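Understanding the architecture of this molecule
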Protein chains: 2
Amino acid sequence: MTRILGGSDLAAAIRNDASVAAAALTEIGIRPKLAVVLATADESTAWYVRSIAGAARRTGIECDIVDFGPEATTEEIHAVLVELGHDPDVHGIILQTPLPDGTDLDLLREAINPGKDIDGTNPVSLGRLIAHLPAFAPATAQAVLALLDHHGIDLRGKTATVVGRSTVVGTPVAHLLVQRDATVTVCHRHTADLVAGTRSADIVVVAVGIPRLITAEHISDGAVVIDVGTTATDDGLLLGDVDADSVDGRAGALTPVPGGVGPVTTALLLNHTVDAASTQSAVRRAASLVGLQSSR
Amino acid sequence: MTRILGGSDLAAAIRNDASVAAAALTEIGIRPKLAVVLATADESTAWYVRSIAGAARRTGIECDIVDFGPEATTEEIHAVLVELGHDPDVHGIILQTPLPDGTDLDLLREAINPGKDIDGTNPVSLGRLIAHLPAFAPATAQAVLALLDHHGIDLRGKTATVVGRSTVVGTPVAHLLVQRDATVTVCHRHTADLVAGTRSADIVVVAVGIPRLITAEHISDGAVVIDVGTTATDDGLLLGDVDADSVDGRAGALTPVPGGVGPVTTALLLNHTVDAASTQSAVRRAASLVGLQSSR
């Protein structure tokens, strides 16, 4: 009875678009390139970065992994981010977390060139997004909206509750939902009555990283539930924040974990990289035209 | 029965702090200075700007009004904003709206030096605020929180509904409330059931500019109501978004219009200017010390 809102078809369609655009750019001499900056010994993070790199290459996007290892300092990472920001051959930059203890994440986020900030990590991107200016949204947040659109779920005038207020997911998702005319409630660890906060919502988005936090009691009949949680278990499973067995039959629709938001997020990162390459090359062409005219 | 949450005492206390800090800065040769950029024939805006200038001068803050008149172009205003951003004698910049039809407000907002952006107008300030980095909040949004704190209203775990989603008030107020651990709902023109959205809230903040939109039916018994609305009537009155007569006896507390959020907002703009002057002079001293050492 609960409809499963899978992300694989949508992800494939987005990757296909990105692949066509990447080929067209390569044809005119611009090879889209993504750089992922990494500084951790965490194996699941390394696995995730390799999967992005593989997907990028299959899409016709070059991908450099700059792996500092777990002993990296803020200064080293900062220097590379600045260098990548200036490198005309690099179009997209991902600063992968977690970073080593003691590194200054705030300083590093602000060192990402906003035009290449394809995962919306620099606070400038967040501010521009909220001010309705062109900017890359954090890919996970955008993936939530893309999935809702793909599955034909209308947002205007609907009530939506976002559980979680992180800068990378909960906060930008809430904004994107408000911008799409939903009435949005943000719940978090200090919410006194989580059931009351979620139970009245037409759409519930959960992004807290607590496996199976959300059960049938949190969901109204027929609600659409988007599960952003991915907690890795020791035996290699990924657990969502929603107890799928519990909400089955109650929820009207649910995204699976894995296979829901995740693949769409990765596809959007590729799509953003191609967009960034396209914009940067257009800006450079415009600048050279202006240069041409002023030198006449 | 409904407690009136006036802003005058708090505003006076903030102005007093600003005045002491301005005197201390002036003593060491730094005269805090605010520049207000204006380009309208609207008389109530001109009046508001003159009232800020007067309050600034009484606080020991120099205030320049750069009045372009209603025929100004984006280029003219942009050039002055950039110049003010570089002027070491100017510490705070306000870009007053409304601007002439056809000017590019987005471009102009981004031209405000973030270190001098004392009304949180540049999207960079908004992004930094949301990312928990130091930044000036839009003064009206901060005034809402300052009033709640001043009157001893606890926020953690409380439900708060913000009516209005503007970049200058509704959106930053909602963020500040979430950061203070309230469970926050954002309602707006597309909200299907405004009564349901406001009636369940412990705290209701209204910032839409529709006189007397909020009546007793929107408010739960004992709720705290913050009225940010100020609509000027032809006969010189200011009307709030809340029907004070209607909610009287139902609401636990209500801010008056005028005399509630307004004076606190103006006081915070002065306070931000002094803060900006203090930070900029500290940065300059640090830079000159570094210069001194490196020249040894």
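Predicted, not measured: the structure shown is a model, and the values here were computed from it. (Residues numbered from 1 in each chain as written. Chains lettered and ligands numbered in written order. Predicted model: local features only at pLDDT ≥ 70, side-chain atom pairs only at ≥ 80, totals over all residues. Heavy atoms only, no water.)

Residues and elements named next belong to chain A. Burial of strand β7 (residues 203-206) is two-sided: the residues I203 and V205 facing one way and the residues V204 and V206 facing the other way are all buried. Where β7 lies against strand β8 (residues 224-227), four bridges are found, and the strand directions are parallel. Note on β8: the bridge partner recorded for V204 is V225. (Buried < 20%, exposed > 50% of the residue type's maximum accessible area, 1.4 Å probe, protein only. Helix = DSSP H or I, 4+ residues; strand = E, 2+ residues; numbered from the N terminus. Pairing = 2+ DSSP bridges.)

All names here are of chain A. At a minimum axis distance of 10 Å, the contact between helix α5 (residues 123-130) and helix α7 (residues 170-179) shows a crossing angle of 20 degrees. When the interaxial angle is binned, α5 and α7 end up roughly parallel. Handedness of the α5/α7 crossing: left-handed. Of α7, the residues touching α5 (which contributes L126, L129 and I130) are P172, H175, L176 and Q179. Split by residue class, the contact of α5 with α7 holds five nonpolar, two polar and no charged. (Axes fitted to C-alpha atoms, helices over the stretch in contact; angles between N-to-C directions. Parallel < 35°, antiparallel > 145°, perpendicular 65-115°, else oblique. Left-handed = near helix turned anticlockwise from the far one by under 90°. Contact = heavy atoms within 4.5 Å. Nonpolar A, V, L, I, M, F, W, Y, C, P; charged D, E, K, R; others polar.)

Okay, the interface of chain A and chain B next. Chain A puts 31 residues into the contact, and the matching count from chain B is 31 residues. Roughly 2,400 Å² of surface becomes buried between chain A and chain B when both sides are summed, with 57% attributable to carbon and sulfur atoms. Summed over the three residues of chain A that lose the most area to chain B, namely A:L133, A:T183 and A:H190, the buried surface amounts to 18% of that side. In this structure, the connection of chain A to chain B is made through four salt bridges. A salt bridge links B:E110 to A:R128; the nearest nitrogen and oxygen atoms lie 2.5 Å apart. Between the two partners, chain A and chain B, sit 14 residue pairs in polar contact (both at pLDDT 80 or more). (Buried area = accessible area lost by both parts, 1.4 Å probe. Salt bridge = Lys/Arg side-chain N within 4 Å of Asp/Glu carboxyl O. Polar contact = N/O pair within 3.5 Å; in protein donor to acceptor, adjacent residues only side chain to side chain.)

What the domain assignment reports for chain A is domain 1 (28-113) and domain 2 (139-261). The gap between the C-alpha centroids of domain 1 of chain A and domain 2 of chain A is 28 Å. (Domains from an automatic or database assignment.)

Let's shift gears to the sheet that holds strand β3 (residues 62-67) of chain B. Hydrogen bonds along the backbone pair up the strands of a sheet, which may run parallel or antiparallel. Residues and elements named next belong to chain B. Across the sheet, three strands lie side by side as β3-β2-β4; this open sheet has parallel pairing. Looking at strand neighbours, the two that pair on one side only are β3 and β4 (92-95), the edges of this open sheet. Averaged over neighbouring strand pairs, the angle between their axes works out to 15 degrees when direction is ignored. Pairing of strand β2 (residues 33-38) with β4 involves four bridges; the strand directions are parallel. Note on β4: the bridge partner recorded for L34 is G92.

Moving on to the side chain of B:T2. Residues and elements named next belong to chain B. Mapped onto the secondary structure, T2 falls in the segment before β1 (3-4). A distance of 2.7 Å separates the side chain of T2 from the backbone nitrogen of G249, its partner in a polar contact. A distance of 2.7 Å separates a polar atom in the side chain of T2 from the backbone oxygen of A251. Those residues in contact with T2 that lie beyond four places of it in its chain are V247, D248, G249, R250, A251, G252, A253 and L254.

Residues and elements named next belong to chain A. Spatial ordering of the open sheet is given by β3-β2-β4, a layout of three strands whose pairing is parallel. Since the sheet does not close on itself, it has two edges, and those belong to β3 (62-67) and β4 (92-95), each with one partner. The sheet shows a mean angle of 15 degrees between the axes of neighbouring strands, direction not considered. Both strand β2 (residues 33-38) and β3 contribute to a ladder of six bridges, which runs parallel. Looking at β3, one finds that L34 is bridged to C63.

This brings us to the UniProt feature "domain: Tetrahydrofolate dehydrogenase/cyclohydrolase catalytic" (unreviewed entry) in chain A. Under the UniProt annotation, the feature "domain: Tetrahydrofolate dehydrogenase/cyclohydrolase catalytic" (unreviewed entry) is placed at residues 6-119 of chain A. Here residues 6-119 of chain A runs as 47% helix and 14% strand, with 22 Å between its end C-alpha atoms. (UniProt positions renumbered as here; feature names shortened; annotations may be inferred.)

The next thing to look at is unusual backbone geometry. Here the amide bond leading from B:T97 into B:P98 is cis, since omega sits at 0 degrees, within 30 degrees of zero. Within the secondary structure layout, B:P98 lies in the loop between β4 and α4 (105-109). In this chain, B:V257 is followed by B:P258 through a cis amide linkage whose omega measures -5 degrees. Structurally, the position occupied by B:P258 is in the loop between β11 (253-254) and α10 (261-295). A positive phi angle, near 75 degrees, is found at A:D181, a position not held by glycine. If you trace the backbone, A:D181 turns up in the loop between α7 and β6 (183-187). With a relative accessible area of 8%, A:D181 lands in the buried category. Of note, B:H132 is a non-glycine position whose phi angle comes to about 65 degrees, a positive value. Turning to its location among the elements, B:H132 is positioned in the loop between α5 (123-130) and α6 (139-150).

Superposition of chain A onto chain B requires a rotation of 180 degrees combined with a translation of 0.0 Å along the rotation axis, giving an RMSD of 0.0 Å. What we have between these two chains is a two-fold relation. Interface overlap between copies is the fraction of interface residues in one copy that are interface residues in the other; for chain A against chain B it reaches 100%, indicating a shared surface. (Least-squares fit on C-alpha atoms with pLDDT ≥ 70 in both.)

This part covers the pattern of salt bridges. If you walk through the whole model with that rule in mind, you get 18 salt bridges over all chains. Among the salt bridges present, the one from B:E62 reaches B:K33, with a minimum N-O distance of 3.9 Å. Note that B:E62 is positioned in strand β3 and B:K33 in strand β2, a separation of 29 residues in sequence. Looking at B:K33, the relative accessible area reads 14%, which means it is buried. B:D181 serves as the salt-bridge partner of B:R156, at 2.7 Å between the closest nitrogen and oxygen. Of the two residues, B:R156 sits in the loop between α6 and β5 (159-163) while B:D181 sits in the loop between α7 (170-179) and β6 (183-187), which places them 25 residues apart along the sequence. The structure contains a network of salt bridges with shared partners spanning A:K33, A:E62 and A:D64.

So, on to the packing of helix α6 (residues 139-150) of chain A against α7(A). All names here are of chain A. Where α6 meets α7, the axes come as close as 8 Å, and the angle between the chain directions of the two elements is 40 degrees. In this view, α6 runs oblique relative to α7, as classed from their interaxial angle. Regarding α6 and α7, the two cross each other, and that crossing is right-handed. Residue-level contacts link A141, Q142, V144, L145 and L148 of α6 to P172, V173, L176 and L177 of α7. Residue composition of the contact of α6 with α7, grouped by class: eight nonpolar, one polar and no charged.

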